[in-house]
Amino acid sequence: MDQQNNNLETLRHSLSHVMAAAIKELWPDVKFAIGPAIETGFYYDIDFGEIKIGEEDLGAIEKKMKHIIKQGLKFERTEMAIDEAIAKEKASGQIYKEELIKDLKAAGETSVSYYKLGNFEDLCRGPHLEASGKIKQDIFMLNKLAGAYWRGDEKNKMLTRIYGLAFLTKEELDEYIKMIAEAEKRDHRKLGKEMDLFHIDDKVGLGLPLWHPRGAMLWRLVEDFWYKEHLKGGYELVRSPHIGNRILWETSGHWGFYNSSMYPPIEIGQTLEDRQKSEKIKESEEFLLKPMNCPFHVQIFKSSPKSYRDFPMRWAECGTVYRFEKKGELSGLTRVRGFTQDDAHIMCRADQVEYELKRVVDFILFIFQSFGFDTKTINVYLSLRDPKNKEKYAGNDEGWDFTENVLRKVATDKELNFVEEEGEAAFYGPKLDFKLKDVIGREWQCSTLQFDFNLPERFDMNYTNNKGEDERPYVLHRALFGSFERFLALLIEHYAGAFPVWISPIQIKLVAVSEKHVEYCLKLADDFRSSGFRVSVDASDETVGNKIRKAVKEKVPYMLVIGDKEMNSDNLSIRNRGSDQMREVPREDFIAEIMMKIDNKV
RNA sequence: GCCGAAAUAGCUCAGUGGUAGAGCACUUCCAUGGUAAGGAAGGGGUCCCGGGUUCAAGUCCCGGUUUCGGCUCCA
C-alpha cells in the first residue's frame, strides 16, 4: 500500500513536470514556481507575466501534455553545484527558482538536483518516473485554474495555479469524478435550499443567513441539547449584548490588531433622526459589534472580587458575533459574517488547568459522537507559537512553555491523533483545534480549546490566592461546535439532510388519502404534537402517490398514510425513511419506538 | 481583496444577433384517490445592474454586482 502511495505521488509529481514542459512549449517566457503532487493530483504555480490564461486554454495544455507523453521522453536526473544553479536560474530569468535555491543554500545545501524532460529542465528533489511514456493518456485531466500567492503570502505576486486530477488508473479517475458529483448532492447550500432550511439574502446582507422554520428548528434542537449537556457538565450560563463600548476593544487590543476584520463603529450620542438631519454630535460614544464574546465575560468576572475557592468557573454562552470577513472568503454557512459561537470561558488556577482541559477534550469528543461523527476522522492540530518570531506573541516564555506543554500532555494522554503546527497559535496563546471535512474535502475548524494570556493581562484579571495575595487566573477559551452555522452546515452534509429522529425538524409526515381523511389527520397531528413530536400534514389535493413522492424528498423519518382503514383501527400504516415497505403498527407501539429512537439519538 | 468561471420564472435548466421557453412549484376547475408524478386551464420575466456596438442584443464589447472554485484569512 505504501509502495502504491509512493507510485501515485511519483506519477502525480511527474505529471506536474509534464504540464510545465507543455506550458513551456506553448509560452516559452513564463516563470515557474513550484509544482507538487497533492491529494487528488497535482498543480503547478506559474507566472505567465502579461499573458492572460483562461479555462479555455486548459484543453490546449492537456493536448500538448498528451503529445509529450506520446514522445516517451526520459526524466534525466543531474546534480549541480548550488552556486552554479543560482547563476543558471538568474541567467534565464527564473526568479522563483533562484529564490528557492538561495533558500536551500541558506539552509546549508551545497548542491541541487535537476530533472530534465525533453527541453524542459526543472529544479526538483524527485523522484520521477523513468520516462513520460510510462504515463497512461487517460488517467489525468486538468480541472481548474486559480490564483495563488507566491509562497502563500498575499503581499507577494499572485501566480496562476493550474490544477490537475491524476490517479493510477482511468477507473479510479472516473470513480473520483463520480464521487465528487455524488458529494455535491449533499452540499449544505444545495440541501439548505431544497429542504427549505435557510437562505442568504442579498437584501439582508452578505454572510448573514436567514433561518427558515425547519432550519431554525434544527438549530433549536441542537442548541437545547447543547444547553442540557453544559448544565450537566458543571457550566453556568451567562449572556451578553451584541454591541459594546469601543473602550472594551481598545483594552482587549482588538481595536488595533483585529480591526481589519471588524465592522466599523456605531456612533451613539445622536438618534437616527439627528443623523439624517446631519445634526452635530454633542457627546459622542462609539459602539462596536462584538467580534467575540470574551470581553463581556471578563467584565462579569471583574464585577466582584474573586477567591481561589471560586474556581473553576465555567461560563457558557451561545453568543452571536460579527466579523467583517473579506467578500471572497464567504461561503454558504461555513464562512459567514454574523455567526453564533457556542462559547465558554473557564477561569481556573494553574493546578486545575490540566483537569479542566481534559474535561473539555472529553466534552468535544462526546458532542461529535452524539451527532454521529466518527471521532477518528476528525483532524486535531496542536497550534504552537513560532519560536523564531517571539515578539509576535503576548505573554512570556515561561507561560508559553507551561501552556504548550500542558496542551501537548492533554492531547497525548487523551490519545488524540494530533499534528503539531508551529506558528499557528493565536497571538494570545496556544490552542488545540479540531477540524471536520465538508463534502468536497475542505477542512473547517470547529472545536477549539485555547489558552488566553492576553485577556487576563490586558483586563488585569485577579483573584485572591490562599496567601491573601493577588494572582492572575488562567483563562481557557473554548467552543465545541465552533459556530452553529458552520457546525450545522457540516451536520447537514454529514447526514445528507436525513437527520436522525431526535433532531429531525419534522419527525412524522401524515399523508391523507383523500379529502375526507384530512380532518382526522389534523386531529392525529395534534395528538402527536401534544405528546411532544414534530409533525406535518399533507392535506393537498393530490394523489396519494404524489404526496408520498414529496414526503420522501423531504427526508422525514416516518411517513404515515391515513385513510379509511386507519380511521377505523388503532393501527398506523408506517413507511420508514429509506424504505419502500409499508408496515402496520399499533399506535402505542409506534410511539414507544419513536421515543426509544429519540432517547438513543438515532 | 486577488486569480478563474457563472448569472434566463419561486426551483432546476434550454435558448450562438431577429416575437423569451420547458419541467417542477403556485392558483382555479375536474377527478376523491391506498404507497415515488391523475387531467385541464391560468398567473408568473428588469434574461444580475449600467453603458456601448448594431436596423435589431438574453446572445457581441466595456465597467460593476453577486454566486461558485481556488489563494490569503478564519469559528
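Cut-offs and rules
- Residues numbered from 1 in each chain as written.
- Chains lettered and ligands numbered in written order.
- Predicted model: local features only at pLDDT ≥ 70, side-chain atom pairs only at ≥ 80, totals over all residues.
- Heavy atoms only, no water.
- Axes fitted to C-alpha atoms, helices over the stretch in contact; angles between N-to-C directions.
- Helix = DSSP H or I, 4+ residues; strand = E, 2+ residues; numbered from the N terminus.
- Left-handed = near helix turned anticlockwise from the far one by under 90°.
- Contact = heavy atoms within 4.5 Å.
- Near = heavy atom within 4 Å.
- Polar contact = N/O pair within 3.5 Å; in protein donor to acceptor, adjacent residues only side chain to side chain.
- Pairing = 2+ DSSP bridges.
- Phe/Tyr/Trp six-rings, centres within 6.5 Å; stacked < 30°, edge-to-face > 60°.
- Buried < 20%, exposed > 50% of the residue type's maximum accessible area, 1.4 Å probe, protein only.
- Lys NZ or Arg CZ within 6 Å of the ring centre and 35° of its normal.

At a minimum axis distance of 12 Å, the contact between helix H7 (residues 213-232) and helix H12 (residues 353-370) shows a crossing angle of 145°. Seen along the crossing, H7 lies across H12 with a hand that is right-handed. Contacts between H7 and H12 involve Phe225, Glu229 and His230 from the first element and Phe363, Phe366, Ile367 and Ser370 from the second.

Below, the discussion takes up the protein's contact with RNA strand B. Near RNA strand B lie 60 residues; those nearest to it are Tyr149, Lys327, Arg335, Ser514 and Arg549. Restricting the count to atoms of RNA strand B within 4 Å of the protein gives a sugar and phosphate share of 52%. Contact distances for RNA strand B include 3.3 Å between a base nitrogen and a backbone N or O atom of glycine 328. One nitrogen or oxygen atom from the side chain of threonine 543 is found 2.6 Å from a phosphate oxygen belonging to RNA strand B.

Moving on: the sheet that holds strand E14 (residues 285-289). Taken in spatial order, the three strands make up an open sheet running E12-E14-E13, and their pairing is antiparallel. Because the sheet does not close on itself, it has two edges, and the strands there are strand E12 (243-245) and strand E13 (266-268). Adjacent strand axes in the sheet meet at a mean angle of 35°, parallel and antiparallel pairs treated alike. Sheet topology note: the E12/E14 ladder contains three bridges and is antiparallel. What sits directly across from isoleucine 243, in E14, is leucine 289.

Here the focus is the packing of aromatic side chains. Tallied over the entire structure, the rule returns 36 aromatic pairs. When the centroid spacing of 6.1 Å and the interplanar angle of 50° are considered together, the rings of phenylalanine 368 and phenylalanine 487 count as tilted. Here the residue phenylalanine 368 occupies a position in helix H12, and phenylalanine 487 occupies one in helix H15 (residues 484-494), the gap between them amounting to 119 residues. Using a relative accessible area of 1% as the deciding quantity, one classes phenylalanine 368 as buried. Relative accessible area serves as the criterion here: at 0%, phenylalanine 487 is assigned to the buried category. On the basis of an interplanar angle of 50° and a centroid distance of 5.5 Å, the ring pair of phenylalanine 402 and tyrosine 474 is categorised as tilted. Of the two residues, phenylalanine 402 is situated in helix H13 (residues 397-413) and tyrosine 474 in strand E23 (residues 474-479); the sequence distance between them amounts to 72 residues. Assessed through its relative accessible area of 33%, phenylalanine 402 is described here as partly exposed. One aromatic cluster is present, formed by Phe198, Trp211, Trp219, Phe225, Phe366, Phe368, Phe371, Phe373, Phe481, Phe484, Phe487 and Trp502 through successive ring pairs. The ring of tyrosine 43 carries the charged tip of arginine 161 above its face, separated from the ring centre by 3.8 Å.

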